[in-house]
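The residues making up each chain are set out below.
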Amino acid sequence: MKEKMLKKFEELYGAGGDIRFYFAPGRVNLIGEHTDYNGGHVFPCALTLGTYAVVRKREDDVLRFYSMNFENRDVVKSSLKDLVFQRAAGWTNYPKGVLWAFTSKGHPIDKGLDILVYGNIPNGSGLSSSASVEIVIGVMLKDMFGFDVSMTDIALLGQYAENNYNGVNCGIMDQFSIAMGKKDHAIFLDTSDLSYEYAPIVLAGKKIIITSSNKKRGLGDSKYNERRKECETALVQLQTVLEISSLGELTEEAFENAKEVIKSPICVRRARHAVYENQRTIRAVQALKDHDLNLFGQLMNESHKSLRDDYEVTGIELDTLVEAAWEQEGVVGSRMTGAGFGGCTVSIVEESAAERFIAEVGRKYKSKIGYEADFYVVDIGDGARKLA
Ligand code: GLA
């Protein structure tokens, strides 16, 4: 890929100078969904799929962007003076948002850039292709301009850009896991204080299979922000009787004892998901430490049911995929992953059953939904980095 990207870079922008190469992965969350903006735990891992970027500094303030994923489009030209969100700027709003975030947070960018990217994360599938672009740009800026920022800072700057430039009110999970990923490990992250621990994922004869529903979703126009508000409402009402600063501080029991103060039944269900899912995530990581993969799988299944019934973010496509997966032999666990409303599911499947899983779940999906699902047998990779 590198050769192909370099060739295209030189063709578009000319040869010579200090051309550098970077990578940031996509991510899949194993358990802990819609907990990251509720002060709870998440358990994501980085993939080996991701976004590559080839970059060279310029002498002026011009910015040029090109994506090899949209080869019929021209180079997009902009400038450091023009870092404002514009719908028409399309995907370049992600890198521009990160340039803006660095600049606004005291890391001024004083030279333009020629940027070429290529990504092999299925687009809009809920594997965080946008956060992957943000973090590849963050790692590049740190390296090119010598900024003294940690990988956690880069994750926070990416989230700041997503929230305040692109207007998507996401939590920290995606940017953090992409920045901090570690091969063959998932990250047990406490989003209340960003403390984390790497947990080895030893699958012994099993595979992680991601299934894309091919139902596209955009967080901006989804009900993501509405779910956040419902959780905030529940929290404010709980705070009239409990001294807590987030739903993540509650055990199931403490929640059950106090839930009467939440006025709307919908908000009760949203908060119940946030509380139970957080506790489930803590238990799931313990199950892995105890080498109890079956319990881990059961907790994944329960997570899906809670996202379906209490949080209502699954929809017929994801439910069809997961319910078909549960019926297959050799499936340890299966659930939706990411924001929901379309996107992907994640399943842990016996290697010997993987082929049949793909055929059977694929067949059931097509016959019920009318179009194909796509399957990816994935590996857990390292976080964002400069490449040689
Ligand atoms: C999206 C957001 C994350 C997280 C998940 C749901 O991926 O970007 O911050 O909230 O949804 O767990």
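Every chain begins its residue count from 1, and numbering advances along the sequence as written. In view of the model being predicted, local features appear only for residues whose pLDDT reaches at least 70, and side-chain atom pairs are presented and counted only at 80 or more, with totals across whole chains, interfaces and linings using the full set of residues. Hydrogens and water molecules were not included; the side-chain quantities draw on all heavy atoms of the structure.

Trainee: Explain the pairing of strand 1 (residues 20-29) here, please?
Mentor: The side chains of a regular strand alternate, first on one face of the sheet and then on the other. Of all ten residues that make up strand 1, ten are buried, and the element is covered over most of its length. When DSSP finds at least two bridges between two strands, those strands are taken to pair. Put simply, DSSP marks the helices as runs of H or I at least four residues long and the strands as runs of E at least two long, and each gets a number from the N terminus on. Sheet topology places strand 1 next to strand 3 (residues 44-57); nine bridges connect them, and they run antiparallel. From the neighbouring strand, F23 faces strand 3, where its bridge partner is Y52. As paired elements, strand 1 and strand 13 (residues 385-387) share three bridges and run antiparallel to each other. Within strand 13, the position partnered with F21 by the bridge is L387. The buried label goes to any residue with under 20% of its type's maximum accessible area, the exposed label to any with over 50%, and the partly exposed label to all in between, with areas taken from a 1.4 Å probe on protein chains only.

Trainee: What should I look at first to understand the sheet that holds strand 2 (residues 41-42) in this one?
Mentor: Two orientations exist for strands paired in a sheet by backbone hydrogen bonds: parallel and antiparallel. One open sheet accounts for three strands, arranged 2-7-8; its pairing is antiparallel. In this open sheet, the two edge strands, each paired with only one partner strand, are strand 2 and strand 8 (195-200). Pairing of strand 7 (residues 185-190) with strand 8, which is carried by six bridges, proceeds in the antiparallel orientation. By the bridge assignment, H185 is partnered in strand 8 with P200. In this analysis, two residues are considered to be in contact whenever any of their non-hydrogen atoms come within 4.5 Å of each other. Note on method: axes are straight lines fitted to C-alpha atoms, helices fitted across the in-contact stretch only, with angles between N-to-C directions ranging 0 to 180 degrees. In the packing of helix 5 (residues 173-180) onto the sheet, the strands contacted are strand 2, strand 7 and strand 8, and the crossing angle to strand 7 comes to about 135°.

Trainee: Would you take a moment to explain the packing of aromatic side chains for this structure?
Mentor: We describe a pair of aromatic rings using the distance from one ring centre to the other and the angle between the two ring planes. Here a pair means two rings of Phe, Tyr or Trp (six-membered ring of Trp) with centres within 6.5 Å. Their orientation is stacked below 30 degrees between planes, edge-to-face above 60, and tilted elsewhere. Counted according to the given criterion, the structure contains 16 aromatic pairs. Here Y37 and Y224 contribute two aromatic rings whose centre-to-centre distance is 5.5 Å and whose plane-to-plane angle is 70°, an arrangement assigned as edge-to-face. Note that Y37 is positioned in the loop between strand 1 and strand 2 and Y224 in helix 6 (residues 224-238), a separation of 187 residues in sequence. Of the two residues examined, Y37 and Y224, each falls in the buried class. Here the aromatic cluster, defined as three or more aromatic residues joined through ring pairs, consists of F85, W100, Y160 and Y165. Across from the ring centre of W326, 5.1 Å away, lies the NZ or CZ of K305, which sits over that ring. The rule is short: NZ of Lys or CZ of Arg within 6 Å of the ring centre and within 35 degrees of the ring normal puts a charge over the ring.

Trainee: Looking at this structure, I do not really get the site of the ligand. What am I missing?
Mentor: Around the ligand lies a shell of 13 residues, among which E33, H34, D36, D174 and Y224 are the nearest. The contact in question runs from an oxygen atom of the ligand to an N or O atom on the side chain of E33, over 2.6 Å. Distance and chemistry together define a polar contact, namely a pair of N or O atoms within 3.5 Å, with one atom able to donate a hydrogen and the other to accept it when in protein, and with adjacent residues in sequence counting only for side-chain atoms on both sides. Between the ligand and H34 there is a distance of 2.7 Å, counted from an oxygen atom to a backbone nitrogen or oxygen. Coverage of the ligand by the protein amounts to 98% of the 310 Å² it exposes when considered alone. Tallied by class, residues from the shell around the ligand come to six nonpolar, three polar and four charged. Here a residue counts as near a molecule or strand whenever at least one of its heavy atoms sits within 4 Å of it. Surface exposure here means Shrake-Rupley accessible area, sampled with a 1.4 Å probe, where a residue is shielded only by the protein chains that are shown. Polarity classes work like this: nonpolar for Ala, Val, Leu, Ile, Met, Phe, Trp, Tyr, Cys and Pro, charged for Asp, Glu, Lys and Arg, and polar for all others, with Gly in that last group.

Trainee: Is there a simple way to explain the state of the cysteines in this structure?
Mentor: Any covalent bond linking the sulfur atoms of two cysteines counts as a disulfide. Only a pair of cysteine sulfur atoms within 2.5 Å counts as a disulfide in this structure description. As enumerated under the stated definition, the model contains zero disulfides in all. C231 supplies the cysteine sulfur nearest to C170, a cysteine that is in no disulfide, at a spacing of 15 Å. When its relative accessible area of 4% is taken as the criterion, C170 is described as buried. Sulfur of C267: no disulfide; nearest cysteine sulfur belongs to C231 and is 8.1 Å away.

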